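# Structural overview for review
Okay, here's what each chain looks like letter by letter:
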Amino acid sequence: MLKRTLGPAMVGLIAGIDNLGASLAFAALLFPGALSAGLGMGVGVLLLSGVILALVIALRSSNPNTIAMVQETSIAILASSIVGVTATMTTSSSDQRIATVFAVLGTSTVLTGACFWLFGTLRLGGLVRFLPYPVVAGFLAGSGWLLIEGAAVMLSGSHQASALFSTLADPLALAKILPAGLFAVALLLALRRSANPLIAPLVMVGAGGVFYALLAAGDVSTDQARAWSWLPTTPADGTIALPSPVWVVQNADWRAVLATTPAMASAVVLSMIGLLLNSSGLELSSGRDLDANAELRSSGLANLLSGLIGGTSGFVGLGMTLLADKLGVHGRAAGMATACVLAIGLLCAPLLAALMPTFLAAGLMIFLGLELLLEWLVASRHQLPRREWLVVAAILLAIMLVGFLAGLALGLAISVVMFVYTYSRLPVVRMVATGTELRSSVDRSTAALQRLNSQGQRIHVLQLQGYLFFGTVERVVSEVRERLQTISERPLQFLLLDLRAVSGADSAATAGFLKICTMADAEGVTVIFSHLSPDLRLAVERAGLAFASHSGCQLAPDIDHALEACEEALLQDDASAGSTSEVLRHLEGALGPHPRLPDLVAAMDKLTLPPGADLIRAGESADDIYVLGHGRVKVQITLPNGRPLRLRTMTSGAVVGEIALYLGGKRTADVVVETPSTIFRLGRGRLEHLEKTDSELALLFHRLLAVTLSEKLVLANRLIQLAQN
């Protein structure tokens, strides 16, 4: 029993002290100088926020030993904005300024909680990961700078961090500036040398003890220390002071609150990213899968409750949760113990606020800022490519020189530019082919295939993919321009644009299509669009391309029909292609002149079939092979819904059923006559008889089948080669 309670109590004590010290420092950051009258309430609210966050997330998290912490990133962003807006409230009373601070904190936290809960409920937690990593790193590094800048405001007692330099000549000011810097460096070095979780609390308590020991040795009273700004000016009356939500709503300057909207929005986004990063880190370290959307929902509820009291946002603390894992603490006791420690601290919040040395609070802010800078600026230099790291540095520099809003604007601009640049580098042209390499599903005679092989360069096919926009469509235009300008012995006649893999297009893309049609029309080239969606067709027609009246730009339902139309156009003046001559002409084209070809034709049965007749039915035995003398047939299957689906088309000279004859089994598709056709049939029995009685004639027929299969294999190999390119 003792072992089961000692571990959670130890983790809760460590996490509680860490949270307690951070809350005191954060309150000092949020209520510097003229706002120091609200420091006691600020400490109380931050500690109560810590209690709510730790308790609610401990009870509802999908990871039982999760320990939630108040997070510094959002406070860094909000503190900078709060200092700016309260400085403009020159005619407002102290109560109005303090209420405005709590209104900004509460509104930001409520928005954070609402977004957490909404994204978790809609299972959209992965969307925030679309923000480019260098931009996130730049914001987090900028948050580190804002913490250091806030510490400078705290130490100078002015709204301007630059005022710190003018106080360096003052020995009293220097007596708090130097200890703050030394404390930050000492804490940083101590934590670099040891990962013991007790290091930070011990260094903080030790630094505070040394401070009060020096006051006693120098016979300096606490009142005198407050007069010199070494201690906060808030009275140590020992009573808990928490602002009433009604008082905050009535006294806050809501115009000033509205002015911090960009900072609040940034705090929401960075909090969500921080939560997901910590959850991912916890998954990797613990080896357990976490439900990111469940974490968003539980953290959303906790932040909503915290925001209603004017508190700050928070979520799972990676370091403290991993500490609980290392100490073998499992279950929700560690988070609940953390809430208990913070609740005890809440009872004496004003006293703690009054006794927190200024240098200690400022030094802790400097330490947290340095940690963020070292992690997201220095360490990322070795993790990111130079170009991406320069983005991090640029955002940080903008925040340092101009302010957080400038850094935010730059970050958003860089996000857009990086998206456009990255997406525009993706291959938008999926495949480039000619009519020699890419054929329709129409089986033709050997003579027709030979003509298409020689004339196929007249057909140029571009298969496009992805989303076409101003960053990618110019590459398509350049590809077309280059082909139109290429001098070839076979001038281009058809340009096929296959849009099957295109997900969408913007107005620049539709203008690009119009430009392509104009260039092609000038060269006498016909452009055929296949798989053009209704929405994209409407956009193209709105851009000025009228398919109905423009013969040079045509539409095809798919690439197969487009290729078929181009091939028919190339073959229409060829006497051997599609002629009605006897099958002997086609056999001579496939096998060359041979004295036994007439005997081969005589060995086959001649069929004359009308359109719609069934040549082959699915499920029949594969006992016959057919040669088309003239006409046209189609190969089709019947879908479960009863709709026929065309697989191939065969024209004069094509051989039908040779694969099934060799492999045996049943027919797998129907073959239906499309136009009046003359077809020659040779049955399996007749072929076997020829093999026994007339081997020369049987061998001639097998040669015909071998040539047919070889031609199909060549076309299949070309398709494979195209897919590999």
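Residues numbered from 1 in each chain as written. Predicted model: local features only at pLDDT ≥ 70, side-chain atom pairs only at ≥ 80, totals over all residues. Heavy atoms only, no water.

## A look at the overall build of the protein
Rule in force here: Secondary structure elements follow DSSP: runs of H or I no shorter than four residues count as helices, runs of E no shorter than two count as strands, and numbering proceeds from the N terminus. Each radius of gyration is computed over the set of C-alpha atoms, and the globule rule expresses the reference value as 2.2 Å times the number of residues to the power 0.38. Buried means the residue's accessible area, taken with a 1.4 Å probe over protein chains only, is under 20% of the maximum for its type, while exposed means over 50%, and partly exposed covers the values in between. With residues, only the protein chains shown are counted as cover, and all accessible areas are computed by Shrake-Rupley using a 1.4 Å probe. In this charge count, Lys and Arg are treated as positive and Asp and Glu as negative; neither His nor the chain ends contribute. Where a charge lies is defined by one atom per residue type, namely NZ (Lys), CZ (Arg), CG (Asp) and CD (Glu).
On a plain count of helices and strands, the protein comes out with 29 helices and 14 strands. Over its C-alpha atoms the protein spans a radius of gyration of 39 Å, topping by over 25% the 27 Å that the globule rule assigns to 725 residues. Taking the principal axes of the C-alpha coordinates as reference, the protein spans close to 125 × 65 × 45 Å. In the protein, which comprises 725 residues, the share counted as buried stands at 51%. With an accessible surface of roughly 32,200 Å², the protein has 62% of that area assigned to carbon and sulfur atoms. Positive and negative side-chain charges in the protein, numbering 50 and 52 respectively, have mean positions lying 2 Å apart.

## Brief notes about unusual backbone geometry
In this structure, Ser229 takes a positive phi of about 65° despite not being glycine. For Ser229, the position within the fold is in the loop between α9 (222-227) and α10 (245-251). Among the residues examined, Ser229 registers a relative accessible area of 33% and is labelled partly exposed. One non-glycine residue, His531, adopts positive backbone phi at about 55°.

## Focus: empty space enclosed by the protein
Stated precisely, the cut-off is as follows: Method remark: on a 1 Å grid restricted to protein atoms, a set of points is classed as a cavity if a 1.4 Å probe fits but cannot get out and as a pocket if it is open with protein on both sides within 12 Å along at least five of seven lines; lining residues have an atom within 4 Å of a point. Grid points are joined across faces, edges and corners, and a volume is the space filled by probe spheres set on the points. By the convention adopted, Pro, Cys, Tyr, Trp, Phe, Met, Ile, Leu, Val and Ala count as nonpolar, Lys, Arg, Asp and Glu as charged, and the other residues, Gly among them, as polar.
Applying the stated criterion to the full structure yields one cavity of 30 Å³ or more. Computed from the structure, the largest cavity encloses a volume of approximately 240 Å³. As for the largest cavity, its lining consists of 24 residues, of which Asp443, Arg444, Leu449, Thr708 and Glu711 are closest to the centre. Here the element with the most residues in the lining of the largest cavity is helix α29 (residues 695-724); it accounts for six residues. Along the lines of polarity and charge, the residues of the lining of the largest cavity split into 11 nonpolar, six polar and seven charged.

## Quick word on the pattern of salt bridges
Between side chains of opposite charge, a pair can form when the charged atoms approach closely. Rules: When a carboxyl oxygen of Asp or Glu is within 4 Å of a side-chain nitrogen of Lys or Arg, the pair counts as a salt bridge.
Inspection of every chain in the model, using the stated rule, returns 12 salt bridges. Two residues, Arg632 and Glu564, come together in a salt bridge whose shortest N-O distance is 2.1 Å. Of this pair, Arg632 sits in strand β11 (residues 624-638) while Glu564 sits in helix α24 (residues 559-571), and the two are 68 residues apart along the sequence. This pair shows no difference in class: Arg632 is buried, exactly as Glu564 is.

## Overview of the packing of aromatic side chains
Put simply, the rule is: Geometry of aromatic contacts follows a simple scheme: Phe, Tyr and Trp rings, the Trp one being its six-membered ring, pair when their centres are within 6.5 Å, and the pair is stacked under 30 degrees between planes, edge-to-face over 60, tilted otherwise. A positively charged side chain is recorded as over a ring if its NZ (Lys) or CZ (Arg) lies within 6 Å of the ring centre. The angle to the ring normal must also be within 35 degrees.
Scanning the model with the defined rule gives eight aromatic pairs in all. Geometrically, the ring pair formed by Tyr467 and Phe469 is tilted, given 6.4 Å between the ring centres and 35° between the ring planes. Here the aromatic residues Phe183, Phe211, Tyr212 and Phe359 are joined through ring pairs into a cluster of three or more. The ring of Trp389 is capped by Arg381, whose NZ or CZ atom sits 5.4 Å from the centre of that ring.

## Some remarks on the sheet that holds strand β8 (residues 553-556)
For clarity, the cut-off: At least two bridges found by DSSP between two strands are what make those strands a pair. In this analysis, axes come from line fits to C-alpha atoms, helices being fitted only over the stretch in contact, and the angle between any two N-to-C directions falls in the range 0 to 180 degrees.
Spatial ordering of the open sheet is given by β3-β5-β6-β7-β8, a layout of five strands whose pairing is mixed. Pairing within the sheet leaves two strands with one partner each, and these edge strands are β3 (429-434) and β8. Within this sheet the neighbouring strands show an average axis-to-axis angle of 20°, counted without direction. As paired strands, strand β7 (residues 526-530) and β8 are joined by four bridges and run parallel to one another. Bridge assignment links Ser530 to a residue of β8, and that residue is Ala556.

Keep in mind these values describe shape, not function.
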